[in-house]
Amino acid sequence: MVLQNFIVFEGIDGAGTSTQIEILRAKKEAEDFLFTSEPTSGPTGKFLRQMLKGDFPVTNESAAYLFAADRSEHIGGKLVIENQNQLVTGIAEACKSGRKVVSDRYFFSSLAYQSISCPPSVPRLLNSNFPLPALLFYFDIQAKDSLARLGNREYREIYEKEDYLNKVVKNYKEIIQEYPASSGMKTVLIDAKKSKKEIAALIWAEISSLK
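Basis of the calculations
Residues numbered from 1 in each chain as written. Predicted model: local features only at pLDDT ≥ 70, side-chain atom pairs only at ≥ 80, totals over all residues. Heavy atoms only, no water. Helix = DSSP H or I, 4+ residues; strand = E, 2+ residues; numbered from the N terminus. Rg over C-alpha atoms; globule rule 2.2 N^0.38 Å. Buried < 20%, exposed > 50% of the residue type's maximum accessible area, 1.4 Å probe, protein only. Contact = heavy atoms within 4.5 Å. Lys, Arg positive; Asp, Glu negative; His and termini not counted. Charge placed at Lys NZ, Arg CZ, Asp CG, Glu CD. 1 Å grid on protein atoms, 1.4 Å probe; cavity = no way out; pocket = protein on both sides within 12 Å on 5 of 7 lines; lining within 4 Å. Points joined across faces, edges and corners; volume = space filled by probe spheres on them. Nonpolar A, V, L, I, M, F, W, Y, C, P; charged D, E, K, R; others polar. Axes fitted to C-alpha atoms, helices over the stretch in contact; angles between N-to-C directions. Parallel < 35°, antiparallel > 145°, perpendicular 65-115°, else oblique. Core = buried A, V, L, I, M, F, W, Y, C linked by side-chain atoms within 4.5 Å. Salt bridge = Lys/Arg side-chain N within 4 Å of Asp/Glu carboxyl O.

Secondary structure assignment for the chain yields nine helices and seven strands. The C-alpha atoms of the chain give a radius of gyration of 16 Å, which matches the 17 Å a tight globule of 211 residues would have. Seen along its three principal axes, the alpha-carbon backbone of the chain occupies a region of about 40 × 35 × 35 Å. Per-residue burial over the chain gives 50% buried out of 211 residues. Long-range contacts, defined here as pairs at least 24 residues apart, represent 73% of the contacts in the chain between residues at least 6 apart. Of the side-chain charges in the chain, 27 are positive and 26 negative, and the distance between the mean point of each set is 3 Å.

Right under this line is the structure:
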């Protein structure tokens, strides 16, 4: 099932998804859009962010279940909006009301990251019933280039290691190929090394044509 009006940005850390979402958020034409991210800013999402920092180690399988639980509320929970356009939960409700929702990450991240550290069948089963977005932007970048962009950030998340991210990039590309145009989701591959201006123009052109 495809959730109309739902737009997802995917890519490894440093690919530029967050930067492009902020550019989109600043556009006057997008003032009625809602913006969100995963993990969410809800209780489970907050725990996951601490886990990603390494503060609360959990087993790989437990992490997969936690991400899925957070995503379930993100999609099907009550519509909660903060600061005018920041969605916490309730993507389905918002999209069905006609508002476009833009998310930084979705279940593709779980399939790409967690399939390395636990049996791939676990994240696949946990995420099998979530709807597809109408539009998926995948930011393609090599792990070494993404890590160079992160530079001397205050902290690194537990997955931010070059050998691990190389596997994640490989997984992303394989996963995306599983969803052809016939799935109802449009996938747009973005060369993340292009200029911010070029990427922003491409993104807006695709969103503007979304029916």
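Our next topic: empty space enclosed by the protein. On inspection of all chains with the given rule, the structure shows one cavity of 30 Å³ or more. Approximately 50 Å³ is the volume attributed to the largest cavity. As for the largest cavity, its lining consists of Gln20, Ile23, Leu24, Lys27, Ala200, Ile203 and Trp204. The residue makeup of the lining of the largest cavity, split by class, is five nonpolar, one polar and one charged.

So, about the packing of helix α3 (residues 60-76) against helix α5 (residues 107-117). For the pair α3 and α5, the least separation of the axes is 10 Å and the interaxial angle reads 175°. It follows from the interaxial angle that α3 and α5 lie roughly antiparallel. Residues Asn60, Ala63, Ala64, Phe67 and Arg71 of α3 form the contact with α5, whose own contacting residues are Phe107, Ser110, Gln114 and Ser117.

Ranked by size, the top nonpolar core spans 55 residues in total, and within it Phe6, Phe9, Ile12, Phe108, Phe137 and Phe139 carry the most contacts. Aside from chain neighbours lying at most four places away, what touches Phe6 is Ile75, Ile91, Cys95, Val101, Ser103, Tyr106, Pro133, Ala134 and Leu135. Residues Leu48, Met51, Leu52 and Phe67 belong to the second largest nonpolar core, which totals five residues.

Right, let's talk about the pattern of salt bridges for a bit. For the coordinates displayed, the defined rule picks out twelve salt bridges. Across the salt bridge formed by Arg99 and Asp32, the nearest N and O atoms sit 3.3 Å from each other. With Arg99 in the loop between α4 (91-96) and β5 (101-104) and Asp32 in the loop between α1 (17-25) and β2 (34-37), this residue pair connects regions lying 67 residues apart in the sequence. The salt bridge involving Arg124 is made with Glu178; its shortest N-O contact spans 2.7 Å. Taken together, the residues span a long stretch of sequence, with Arg124 in helix α6 (residues 121-126) and Glu178 in the loop between α8 (162-176) and β7 (186-191) at a distance of 54 residues. Its relative accessible area of 35% is what places Arg124 among the partly exposed residues. Judged by its relative accessible area of 39%, Glu178 falls in the partly exposed class.

A few words now on unusual backbone geometry. A cis amide bond, omega -5°, links Glu38 with the succeeding residue Pro39. Tracing the chain through its elements places Pro39 in the loop between β2 and α2 (43-53). Despite not being glycine, Asn5 shows a phi value in the positive range, around 75°. In this structure, Asn5 sits in strand β1 (residues 2-10). At Arg105, a residue that is not glycine, the phi angle is positive and equals roughly 90°. Relative to the helices and strands, Arg105 resides in the loop between β5 and α5.

We now examine the environment of Val2. Relative to the assigned elements, Val2 resides in strand β1. When the C-alpha atoms of Val2 and Tyr138 are compared, they prove to be 17 Å apart, with 136 residues separating the residues in sequence. When near neighbours in sequence (up to four residues on either side) are disregarded, Val2 contacts Leu132, Pro133, Ala134, Ser183, Gly184 and Met185.

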